[in-house]
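What the coordinates show
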Amino acid sequence: MDYKSAGVDIEAGYKSVELMKEHVKRTMREEVMGGLGGFSGAFSLAKIKEMEEPVLLSGTDGCGTKVKLAMIMDKHDTIGIDAVAMCVNDIACAGGEPLFFLDYIACGKNYPEKIAAIVGGVAEGCVQSDAALIGGETAEHPGLMPEDEYDLAGFAVGVSDKKDMITGEDLKTGDVLIGMASTGVHSNGFSLVRKVFEMTRESLDTYYDELGTTLGEALLAPTRIYVKALKSIKNAGVRIHACSHITGGGFYENVPRMLKEGTHAVIEKDSYPVLPIFKLLAKTGNIEEKMMYNTFNMGLGMVLAVDPADADKTMEAIKAAGDTPYVVGRIEEGEKGVTLC
């Protein structure tokens, strides 16, 4: 009897590490100390000393049941982007700069090429957010998970000078709300998505004219990472008053999280295009409009508030970073909450 006969292949683990090294190299920052394979990842904080009052920010998340689609479609090279995005977007909307990321993959059986593809996506997400991938863990769970299944999660650490943090305290009546376009469903609401559409390879490979692609490709589109767009706004000299990452709970749960007492957000639904995938979801699943806005991002992955005088400069900074912005509403005086009209 040995570990391999018990279901854990140590040699496959070694091969996975070798295959993923090239991906990890792409994410390196000068602060990273040591290489892949140590017991911990080391990251120098020397540069942070230049800040007046540095504050570490952290975020942890997974991809939810979106991984089920990746498994059905046998496409594993983008799901890692989602894992990174869900963490670094939270850090960025608090005013932080992501520094490094670590991933955790739990699988029924370690297939090195599949694990390397997943980590390749993680590395791409790190490149998009300028974060270093300094470590991770791949754990085989024979008997706990089916051999061909896996789950993916991770966490990121970032930093911000305390004076640059986005807390919502600067928010005031009359501020303009600007939304940044999403790439699709991102990584939230997939338990409902999987109830609406048949989760088979045939169903996911079906082409829809209104989507311009297959259903599976539209649903698996990786979560947009907004780190560089928010950095571009800061570099343009604009002070963001408040910011919300539109994730699980959609608009009704997430927008109020960026507000302070006595302020109310008003968002005009026709101020930006709702993506076709959401229209198809609503129609196919007979989902009422309020539930759609209470579950999905509906085409906006991030919403931020700025002074009206900074609106044009903010829009230009977002475009310069490669994102698509829309003026979607305003801040009014009133009870803390959001109105969609």
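Note: the structure precedes this text.
Structural notes, computed from the coordinates. (Residues numbered from 1 in each chain as written. Predicted model: local features only at pLDDT ≥ 70, side-chain atom pairs only at ≥ 80, totals over all residues. Heavy atoms only, no water.)

**Some words on the overall build of the chain**
Scanning the chain from N- to C-terminus turns up twelve helices and 14 strands. Relative to its length of 341 residues, the chain is compact, with a C-alpha radius of gyration of 21 Å against a globular reference of 20 Å. Counting only C-alpha atoms, the chain reaches 70 × 55 × 30 Å along its principal axes. By residue count, 52% of the 341 residues in the chain fall in the buried class. In the chain, once contacts between residues fewer than 6 apart in sequence are set aside, the share between residues at least 24 apart is 86%. On the chain, roughly 15500 Å² of surface is accessible, and the fraction owed to carbon and sulfur atoms is 51%. Both charge centroids of the chain, one from 34 positive and one from 51 negative side chains, sit 2 Å from each other. (Helix = DSSP H or I, 4+ residues; strand = E, 2+ residues; numbered from the N terminus. Rg over C-alpha atoms; globule rule 2.2 N^0.38 Å. Buried < 20%, exposed > 50% of the residue type's maximum accessible area, 1.4 Å probe, protein only. Contact = heavy atoms within 4.5 Å. Areas by Shrake-Rupley, 256 points an atom, 1.4 Å probe, with all protein chains shown as cover. Lys, Arg positive; Asp, Glu negative; His and termini not counted. Charge placed at Lys NZ, Arg CZ, Asp CG, Glu CD.)

**What to know about the nonpolar core**
By size, the foremost hydrophobic cluster in this structure holds 92 residues, and its most contacted members are L219 and F251. With nine residues, helix α3 (residues 79-92) is the largest single contributor of residues to this core. Those residues in contact with F251, other than ones at most four positions away along the chain, are I246, P256, I267, Y272, Y293, F296, N297, M298, L300, V338 and L340. In terms of nonpolar packing, the next biggest core, distinct from the first, is built from ten residues, V32, F43, F100 and A132 among them. (Core = buried A, V, L, I, M, F, W, Y, C linked by side-chain atoms within 4.5 Å.)

**Topic: the packing of aromatic side chains**
Counted by the stated rule, this structure contains four aromatic pairs. Between F278 and F296, the aromatic rings sit 6.0 Å apart at their centres with planes inclined by 50°, giving tilted as the arrangement. Here F296 lies in the loop between α11 (289-293) and β12 (300-306) and F278 lies in helix α10 (residues 276-285), a separation of 18 residues in the sequence. Of the two residues, F278 and F296, both sit in the buried class. In this structure, K109 packs its charged tip against the face of Y111, placed 5.8 Å from the ring centre. The cationic tip of K290 hangs over the ring face of Y252; the distance from NZ or CZ to the ring centre is 5.4 Å. (Phe/Tyr/Trp six-rings, centres within 6.5 Å; stacked < 30°, edge-to-face > 60°. Lys NZ or Arg CZ within 6 Å of the ring centre and 35° of its normal.)

**Quick notes on the pattern of salt bridges**
Side-chain pairing between opposite charges can occur once the charged atoms of the two side chains come close. Taken as a whole, this structure holds 22 salt bridges when the rule is applied. Linking E31 and R29 is a salt bridge whose minimum nitrogen-to-oxygen distance equals 2.9 Å. Across the pair D82 and K66 runs a salt bridge, and its minimum N-O distance is 2.9 Å. Taken together, the positions of D82 in helix α3 and K66 in helix α2 (residues 66-73) put the pair 16 residues apart, joining distant regions of the chain. (Salt bridge = Lys/Arg side-chain N within 4 Å of Asp/Glu carboxyl O.)

**A few points about unusual backbone geometry**
Even without a glycine there, the phi angle at D130 is positive, about 60°. With respect to the helices and strands, the residue D130 is situated in the loop between α4 (112-129) and β5 (132-140). Exposure remark for D130: the relative accessible area of 38% places this residue in the partly exposed category. One non-glycine residue, M298, lies in the positive phi region at around 55°.

**Considering the sheet that holds β12**
The six strands lie next to each other as β10-β12-β7-β13-β11-β14, forming an open sheet whose pairing is mixed. If you trace the sheet from one side to the other, it starts and ends with β10 (242-245) and β14 (337-340), each paired once. Between one strand axis and the next, the sheet turns through 25° on average, direction left out of account. Both strand β11 (residues 263-267) and β14 contribute to a ladder of four bridges, which runs parallel. Looking across to β14, one finds that I267 is bridged to L340. (Pairing = 2+ DSSP bridges. Axes fitted to C-alpha atoms, helices over the stretch in contact; angles between N-to-C directions.)

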